[in-house]
Amino acid sequence: MSKKIERRKFLKTTAAAGVGATAATLAAPAISQGREKLTMVTTWGRGLAGVFDAAQRVADSVNAMSDGTLEIEVKAQGELVSGLPAVFDAVTSGQADMYHGADYYYVGQHAAFGFFTAVPFGMTATELNNWYYHMGGHQLHLELGEEFGLHSFLAGNTGTQAGGWFRKEINGPEDFNGLKFRMPGLGGKALGKLGASVQTIPGSEVYQALSSGAIDGTEWIGPWGDEKAGFQEITKIFYTSGFHEPGAGLSCAVNKDRFNSLSATHQKIIEIACGEANAWNLGQYLANNGEALQRLIAGGVRTLEFPDTVWDAFGKASLEVLEENMDDPLFKKVSDSMRDSMKKSASWIELSEGAYTRQRNRVLG
Ligand code: CA
């Protein structure tokens, strides 16, 4: 006999027996049994502008939408586990229920994780959302997560990221030779092809690494996040456009067994909260970057663009890195899907939004 039938029979019997139980008292134990608590670990230090906010946003939305029946407690980097691999391991092992982070920190676990944050010469935030929600991207995120016992959602986006902070100007691709630079994911691997000594350091430790000289330069996010991190106190050379994260998605991944143990309502609440955080977070970055850029410039920061020769070298190295991973069938499947989507979306985005933005800015000045 199924539990549902058993319960129905129980309700019928107690009602018939006239025990006087009201609907409210019968319902009370069911609600209390439905109360769930999830622990979320993150790759972010507590309060780290934008990225940590997105994690907290997911938790707050879930808590509010579920009327408190599903509670998420956010543990920042170092509070339950320390380091980027430990965040992934905590969730796959079931020590924690979910993580919020950037999936490209886990390209060592599987190179295809790179696609769900950003790959070099890949998608902008708009293109990523097109692909993710309408052209098979989320399905592939789930397929990849399945291999590690994860159920994943996009849950934030930083928008197009900056090229980063350097102690010396970059005049040609040769200037990357021997440069100790912080850049995660497949972008970092591409930079390695230019001779850079590439390091992946958690965001909360980058300031210390740059100021001590352990690294010569770093990318982080963009004007707002970088200003909060304080890199302008160390160097004034800031490259405003980067090749490595054209629209970096943030992920929320739930331990799959734990996710499956939740009610359909709670599962849907998590999905909706992640989708909302994705849009909210992108707006948050765009809303703050403009003013932050003006403050940085007023404080003496020089904004530069890499020369075309450097962009050409970035492009060549990026395509090589993507090509090198094609032996893995799932990587190839995700890459083909992403490129196909990007190709289909790009021409219309350029003809519509691209042309419109150029004309609007020209006319309004
Ligand atoms: Ca970054």
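Right, let's walk through the structure included here.

Analysis parameters
- Every chain's residues receive numbers from 1 upward, in the order its sequence appears when written.
- Reporting in this predicted model follows two pLDDT cut-offs: at least 70 for local features of residues, and 80 or more for side-chain atom pairs to be given and counted; totals over whole chains, interfaces and linings ignore these cut-offs and use all residues.
- Each side-chain value is worked out from all heavy atoms of the structure, with water and hydrogens disregarded.
- To sort residues, take the accessible area from a 1.4 Å probe on protein chains only and compare it with the maximum for the residue type: under 20% means buried, over 50% means exposed, and anything in between is partly exposed.
- Each helix corresponds to a stretch of at least 4 residues labelled H or I by DSSP, and each strand to a stretch of at least 2 residues labelled E; elements are numbered beginning at the N terminus.
- Classification remark: right-handed applies to a crossover when, strands pointing away from the viewer, the course from the first strand over the helix to the second runs clockwise.
- Using only the protein atoms, space was sampled on a 1 Å grid; points where a 1.4 Å probe fits but cannot get out form cavities, open sets with protein on both sides within 12 Å along at least five of seven lines form pockets, and lining residues are those with an atom within 4 Å of a point.
- Grid points are joined across faces, edges and corners, and a volume is the space filled by probe spheres set on the points.
- The residue classification treats Ala, Val, Leu, Ile, Met, Phe, Trp, Tyr, Cys and Pro as nonpolar and Asp, Glu, Lys and Arg as charged. All others, Gly included, are polar.
- Should DSSP find at least two bridges between two strands, the strands are regarded as paired.
- Distances up to 2.8 Å from the metal define which N, O and S atoms are donors, and 3.2 Å serves for Na, K and Ca; water is absent from the atom set, so sites may look incomplete.
- Note on definitions: a residue-residue contact is assigned when non-hydrogen atoms from the two residues lie within 4.5 Å.
- A carboxyl oxygen of Asp or Glu within 4 Å of a side-chain nitrogen of Lys or Arg is what we treat as a salt bridge.

Taking burial as the measure, the 7 residues of strand β1 (residues 36-42) include 6 buried ones, the bulk of the element. Handedness of the β1-helix α3 (residues 51-65)-strand β2 (residues 70-75) crossover: right-handed.

Okay, the layout of surface pockets next. Considering only enclosed or pocket space, the largest pocket measures out at about 760 Å³ in volume. Lining the largest pocket are 29 residues, with T124, T160, P246, L286 and E353 positioned closest to its centre. Elements with a minimum of two residues in the lining of the largest pocket: α5 (125-134), α11 (264-298) and α13 (329-364). Ranked by residue count, the leading element in the lining of the largest pocket is α13, at 9 residues. Considered class by class, the residues forming the lining of the largest pocket number 11 nonpolar, 13 polar and 5 charged.

Strand order in the open sheet formed by 6 strands is β7-β6-β8-β5-β9-β11, and the pairing between neighbours is mixed. Two strands in the sheet have a free side with no partner beyond their single neighbour: β7 (197-199) and β11 (302-304). In this structure, strand β5 (residues 164-166) lies alongside strand β8 (residues 217-218), joined through 2 bridges in antiparallel fashion. The residue of β8 that forms the bridge with W165 is T218.

Right, let's talk about the coordination of the calcium ion for a bit. Only Q161 (OE1), E219 (OE), E219 (OE), W220 (O) and E245 (OE) from the protein coordinate the calcium ion, and they sit 2.2 to 2.7 Å from it. Here the donor residues of the calcium ion are spaced in sequence according to Q-x57-E-W-x24-E. Of this pair, Q161 sits in the loop between β4 (150-157) and β5 while E219 sits in the loop between β8 and α9 (223-229); the two residues are 58 residues apart in sequence, bridging distant segments of the chain.

Here G178 lies in the loop between β5 and β6 (180-182). Each C-alpha atom, one on G178 and one on G192, is 9.2 Å from the other, the two residues being 14 residues apart in sequence. Residue contacts for G178: discarding those within four places in its chain leaves G195, A196 and D216.

What follows deals with unusual backbone geometry. Non-glycine residue D67 carries a positive phi angle of around 60°. Position of D67 among the secondary structure elements: in the loop between α3 and β2. Even without a glycine there, the phi angle at F121 is positive, about 60°. Accessibility expressed as a relative area gives 39% for F121, which makes it partly exposed.

One pass over the full model with this rule turns up 18 salt bridges. Residues D97 and R258 are paired through a salt bridge, measuring 3.4 Å at the closest nitrogen-oxygen approach. One end of the pair, D97, is in the loop between α4 (84-93) and β3 (98-101); the other, R258, is in helix α10 (residues 256-261), with 161 residues separating them in the sequence. Residue classification places D97 among the buried positions, given a relative accessible area of 13%. Where E169 meets R302, a salt bridge forms, and the shortest distance between an N and an O atom there is 2.5 Å. With a gap of 133 residues between them, E169 in the loop between β5 and β6 and R302 in strand β11 connect regions that are remote in the sequence. Judged by its relative accessible area of 35%, E169 falls in the partly exposed class. Of the residues examined, R302 reaches a relative accessible area of 39% and is grouped as partly exposed. Bridged by salt links that share partners, the residues K193, K316, E320 and E324 form one connected network.

Shape is all these values report; function is a separate question.
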